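Single-letter residue listing:
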Amino acid sequence: MATATAISPPLLLLLLVLTAGAVISPAAADDVKAENAGVPKYPNCSNDFQLVKVRYWVDSVDHGSITGMTARFGSLPPSLEEKASRLPATFTTPLNGCSASASKLNLSVALSVRGNCTYTAKAKDAEAAGAAALVIVNDSEELSEMICLEDDTGASITIPVISVSKSGGEILNLSLAAGKKVELLLYSPERPPIDYSVIFMWLIAVGTVVIASLWSDLVGCERSNERYDDLSKESATTDSSKNEPEDEVVDITVKSAVFFVFSASALLLLLFFFMETWLIWILVVLFCIGGIEGMHFCISGILLRSCSSCGRRTVKLPFFGEFSVQSLSVLLFCVAFGVFWAVKRRSDYSWVGQDVLGICFMISVLQIVRLPNIKVATALLCCAFVYDIFWVFISPYLFQRSVMVTVARGDDSGGEAIPMVLRFPRFLDPWGGYDMLGFGDIIFPGLLLSFSRRFDKWNKKGLANGYFVYLAVGYGVGMFLTYMGLYLMDGQGQPALLYLVPCTLGTTVVLGLIRGELKDLWSCNGDSTAPSRPPGMA
């Protein structure tokens with residue numbers, strides 16, 4: 001028997017927060033937009049903005065690269081590093097480069113800061129002094145979109161002109177001020193036409209949804225006598241049919257579905273306007289709590305499925321009572337895993353831990369939270385459908401940029417990004433970065449797939465005449481269409497639910513109409529489709 005129950009406060013908070021990341025983002029937190037169609041072009045000043053790698057050496061020691069961006073005017077740096085020249089860097093005199101430089105710039109890369117003159121005036125003065133290229137340091141962390149005025153074109157400028165961020169310029173300035181020799185090499189590698197990492201992201205998304213929907217079948221065939229928070233030796237040896245606890249699930253209602261999406265919108269705006277370090281830490285802590293709970297649930301369920309008697313050995317702890325040794329050991333491992341990820345979350349390999357915690361969390365959520373019928377599913381998914389489209393495509397008209405993409409990438413958080421996304425690195429992309437998928441893009445459709453699996457089991461449907469297989473295929477097609485949209489729209493962030501909702505909810509409705517079962521799907525109650533509670537649920 002299934003009974004509705006309350007979710008623990010950390011889990012409830014994280015359920016709300018996760019919807020704020022329900023978007024596929026075309027860029028990682030440190031990626032930069034390469035083109036802005038709204039910036040005007042003029043004759044002889046019509047270059048597309050291109051990202052540039054500014055590789056630098058200090059006293060002949062390679063220190064990596066800084067990201068820059070080309071101007072509308074001037075020549076473009078080569079696309080291959082082998083064809084670029086390594087040249088000494090020299091600051092202009094005056095520093096703003098608004099008059100003829102007193103510094104010797106012959107065959108060097110001139111460095112200047114923002115001033116009161118135009119970009120083209122700086123470039124002309126630097127070229128006249130013999131500079132081979134000009135790098136302009138911005139006064140903020142944004143890359144300047146350097147354009148021409150309508151009556152001041154860059155027709156006569158033949159050197160590359162590159163802008164870098166304030167922090168990038170400070171790195172170079174510190175070395176030059178210390179009297180060290182700084183050399184720069186400018187090149188603009190092209191991104192590969194096909195991003196192969198999306199194949200792995202597709203597999204992760206589809207695999208997570210399918211495994212979560214089939215979890216009770218995979219690990220729930222044998223009941224465990226273990227209770228995480230209250231376990232006694234007597235209950236472990238008593239007949240399980242008499243002591244088996246009631247299933248603890250949370251049925252979503254139409255009102256809660258609408259409230260959930262509106263609350264998520266409010267939270268998204270909070271993250272957009274106040275993305276500070278302290279807020280990021282709150283999200284990290286909530287993510288770790290939810291991820292640790294989910295990881296504990298998944299590992300314990302698998303272990304108890306493999307060895308049903310392993311959870312019977314107990315240990316008594318002061319203040320906490322009696323615990324299963326296995327459950328306690330798994331919990332300590334999960335806590336250590338979560339803490340390690342939190343400490344190393346900015347490292348290159350942190351995406352692995354983030355994905356493991358996220359996948360485990362989503363699997364556990366889809367065992368606790370459920371849709372009772374298609375009526376509630378329609379309310380939830382339609383609201384989420386509008387929510388995703390609004391905050392990705394319409395919000396730029398109100399807030400000058402996409403609220404969803406900005407929050408997902410962490411543009412205003414000093415390089416920190418919200419952890420409620422799955423990430424996979426672009427190994428073949430010279431610019432690096434990650435493909436990202438919000439938790440909501442898995443959980444919202446996953447709720448519907450889990451419902452379809454319960455409905456099939458209750459009505460003893462097979463693969464051909466059931467709903468689950470068709471919805472799983474529909475979800476895979478929806479993810480494919482999402483990445484096709486990402487590719488066709490030149491990497492612009494896509495609201496995945498725009499494609500996933502029609503491919504899953506639409507498939508359910510069409511099949512229900514064809515089979516004459518839509519009324520049953522629409523009005524069935526949660527108890528009639530309740531799955532068995534898998535072992536390992538708290």
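Throughout, residues of each chain are indexed from 1 in the direction in which the sequence is written. Confidence filtering applies because this is a predicted model: local features only for residues at pLDDT of at least 70, side-chain atom pairs given and counted only at 80 or more, and all residues used for totals across whole chains, interfaces and linings. As a convention, hydrogens and water are excluded, and side-chain values are obtained from all of the structure's heavy atoms.

Draft legend 1. Highlighting the sheet that holds strand E3 (residues 51-58). Any two strands with at least two DSSP-identified bridges between them are counted as paired. Helix and strand assignments come from DSSP, with helices taken as H or I runs of at least 4 residues and strands as E runs of at least 2, each series counted from the N terminus. Taken together, the seven strands give a closed barrel; going around it, the order is E3-E4-E8-E7-E6-E5-E9, and neighbouring strands pair in mixed fashion. Geometrically, the sheet is characterised by an average inter-axis angle of 40 degrees between neighbouring strands, direction not taken into account. Both E3 and strand E4 (residues 61-70) contribute to a ladder of seven bridges, which runs antiparallel. Each bridged residue has a counterpart across the sheet, and for Arg55 the counterpart in E4 is Ser65. In this analysis, two residues are considered to be in contact whenever any of their non-hydrogen atoms come within 4.5 Å of each other. Comment: axis = line fitted to C-alpha atoms, over the contacting stretch for helices; angle = value between 0 and 180 degrees taken between N-to-C directions. Along the sheet, helix H2 (residues 119-128) contacts strand E6 (109-113), strand E7 (133-137) and strand E8 (161-164); its crossing angle with E7, the most-contacted strand, is approximately 140 degrees.

Draft legend 2. Spotlight on the confidence of the model for the chain. Averaged over every residue, the pLDDT of the chain is 81; residues scoring 70 or more account for 81%. Per-residue confidence from the predictor is reported as pLDDT, which spans 0 to 100. When mean pLDDT is compared element by element in the chain, strand E9 (residues 182-187) scores highest at 95, while helix H6 (residues 233-237) scores lowest at 39. Within the model, pLDDT remains below 50 along residues 20-35, and this stretch shows 75 contacts once partners closer than five positions in the same chain are excluded. Taken together, the stretch residues 528-538 has pLDDT below 50 and engages in 47 contacts with residues farther than four places along the chain or on a different chain.

Draft legend 3. The pairing of strand E5 (residues 86-91), seen in detail. Here E5 pairs with E9 via three bridges, running antiparallel. What sits directly across from Arg86, in E9, is Leu185. As defined by bridge partners, E5 adjoins E6 across three bridges and the pair is classed as parallel. Pairing of Phe91 across the sheet is with Leu111, part of E6.

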